[in-house]
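The lines below spell out each chain.
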Amino acid sequence: MFAWPILLAGLIFLIYQFGAKGDNSAGAKIYKSHCANCHGDSGEGLRSLYPPLAGADYLKDHEADLACIIRNGVDVDLIINGKTYNQPMPGNQLLSDQEIAILIDHIRNSWGNDYGNVPFSKVKNALDLCAPTSKSGK
Amino acid sequence: MNNFTEKIFLLVVSLLLAFAGASCNSQPPQKYDPNKPLPVIGPSKRVDGKVLTHQIEPFSFVDQDSNIVTEKSFEGKLFVADFFFSTCPDICPKMSQQMVRVHDEFLKDERVAILSHSLDPAYDTPKVLKEYATALGVETQKWHMVTGYERSEINKFGQSNYLVTAMEDSNAPKGILHGGNFVLVDKNRNIRGMYDGTIAEEVDMLIHDIKRLLNEEY
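In this text, all values refer to a predicted model and were calculated from it rather than measured experimentally.

## Remarks on the overall build of chain A
Piece 1. Of regular secondary structure, chain A possesses seven helices and two strands.
Piece 2. Listed by position from the N terminus, the elements making up chain A come as α-α-α-α-α-β-β-α-α.
Piece 3. With 138 residues in all, chain A has 43% of them scored as buried.
Piece 4. Of the accessible surface of chain A, which amounts to about 7800 Å², a share of 59% is contributed by carbon and sulfur atoms.

## Remarks on the sheet that holds strand 11 (residues 191-196) of chain B
All names here are of chain B.
Piece 1. Across the sheet, which stays open at both edges, the five strands sit in the order 7-6-5-10-11 with mixed pairing between neighbours. The sheet terminates laterally at strand 7 (143-146) and strand 11, the two strands that pair on one side only. Within the sheet, the average angular offset between the axes of one strand and its neighbour, ignoring direction, is 20°.
Piece 2. In the sheet, strand 6 (residues 112-118) pairs with strand 7 via four bridges, with the strands oriented parallel. Across the sheet, the residue bridging to Ser 116 is Met 145, located in strand 7.
Piece 3. Relative to the sheet, helix 2 (residues 92-105) contacts strand 5 (78-84), strand 6, strand 7 and strand 10 (181-185), its axis offset from that of strand 5 by approximately 165°.
Piece 4. Helix 5 (residues 200-217) contacts strand 5, strand 6, strand 10 and strand 11 of the sheet and is inclined by roughly 165° relative to strand 11.

## Quick word on the packing of helix 6 (residues 97-108) of chain A against helix 7 (residues 120-129) of chain A
Residues and elements named next belong to chain A.
Piece 1. Two elements in contact, helix 6 and helix 7, have axes separated by 9 Å at closest approach and are oriented at 120°. As the angle between them shows, helix 6 and helix 7 are arranged oblique. Both helix 6 and helix 7 take part in a crossing whose hand is right-handed. Where helix 6 approaches helix 7, its residues Asp 97, Gln 98, Ile 100, Ala 101 and Ile 104 are matched on the opposing element by Phe 120, Val 123, Lys 124 and Leu 127.

## Focus: helix 6 of chain A
All names here are of chain A.
Piece 1. The end-to-end C-alpha distance of helix 6, which contains twelve residues, comes to 17 Å, matching closely the 16 Å that a straight helix rising 1.5 Å per residue would cover.
Piece 2. Residues of helix 6 that are buried include every one of Asp 97, Ile 100, Ala 101, Leu 103, Ile 104, His 106, Ile 107 and Arg 108, and no others.
Piece 3. Tucked into the core, helix 6 has its buried residues touching helix 2 (26-34), helix 4 (58-61), helix 5 (63-72) and helix 7.

Here is what the cut-offs are and how they apply
- Residues numbered from 1 in each chain as written.
- Chains lettered and ligands numbered in written order.
- Predicted model: local features only at pLDDT ≥ 70, side-chain atom pairs only at ≥ 80, totals over all residues.
- Heavy atoms only, no water.
- Helix = DSSP H or I, 4+ residues; strand = E, 2+ residues; numbered from the N terminus.
- Buried < 20%, exposed > 50% of the residue type's maximum accessible area, 1.4 Å probe, protein only.
- Areas by Shrake-Rupley, 256 points an atom, 1.4 Å probe, with all protein chains shown as cover.
- Pairing = 2+ DSSP bridges.
- Axes fitted to C-alpha atoms, helices over the stretch in contact; angles between N-to-C directions.
- Contact = heavy atoms within 4.5 Å.
- Parallel < 35°, antiparallel > 145°, perpendicular 65-115°, else oblique.
- Left-handed = near helix turned anticlockwise from the far one by under 90°.
- Expected span 1.5 Å × (residues − 1).

The following block contains the structure:
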């Protein structure tokens, strides 16, 4: 006779499970509004047009380049997981140094990536040294 | 059964019921009435007492292989048209992601083609479009990406023929404001469906309707 409350509890549990999958961190929000259109909701990229971020070896050792690419875009070939990507990427001039640092930590530590956090001072330093129109990234 | 195992049992049953309920709802939603032919969309005209349905006007463009593409290139085919540009940062990546699905689904079916018009013809030369198409891994014969006109011309052409939004707007990226519609055109160049090309479920309906049209008209 107490079957209905438990049935209801089961349903609520299920709805909660489906609803709770979104990542609401600051990094996830910046990613969603500035990056996900091209690089995909899960960093999967799109064929040879937009490189993947999930599992991308490039993210591991290019902290400084990443900061400049996010701010200024890139229009040189990038080699990611052994594959060449040649489509230009637009810059994100409206993102602050802090937002870029948060974003870098997000993409380096999401979708199976586990490259650790980059100190803000390192990102700030890299941004101060970016060439005005970034040709970096090779 | 004691009280605790009974609760667990009921929880499991309720979960199973919830899943069963979710999977029963497998009939995909339809954009247009499945019991009628797909509508012919657009304003019809009355000429000499006859009603003429809205039809895409003849055209002549240049595709990513620098070939001339006209309405004759689509003779006997139905095609999906959209408006984009290669450097568009907002909706085009989603549109391309979805159009690739249409390309792949009908790759082997010669009755189906795709026509993507660049709204940034000065930047999107055939060479640029070729690089874009190659990076997407798509075939020119299936998917023509076209340029070779003035921006104002293509805006006007898109608005009056495909009933899409395409205009100058200084607030939009590169000054180009456009909608993400995929327009389904039959072999008589009548519009038979409009779908939001940035939404996967809408493109599911498009793919469904292409198959429907192929069944009805071939």
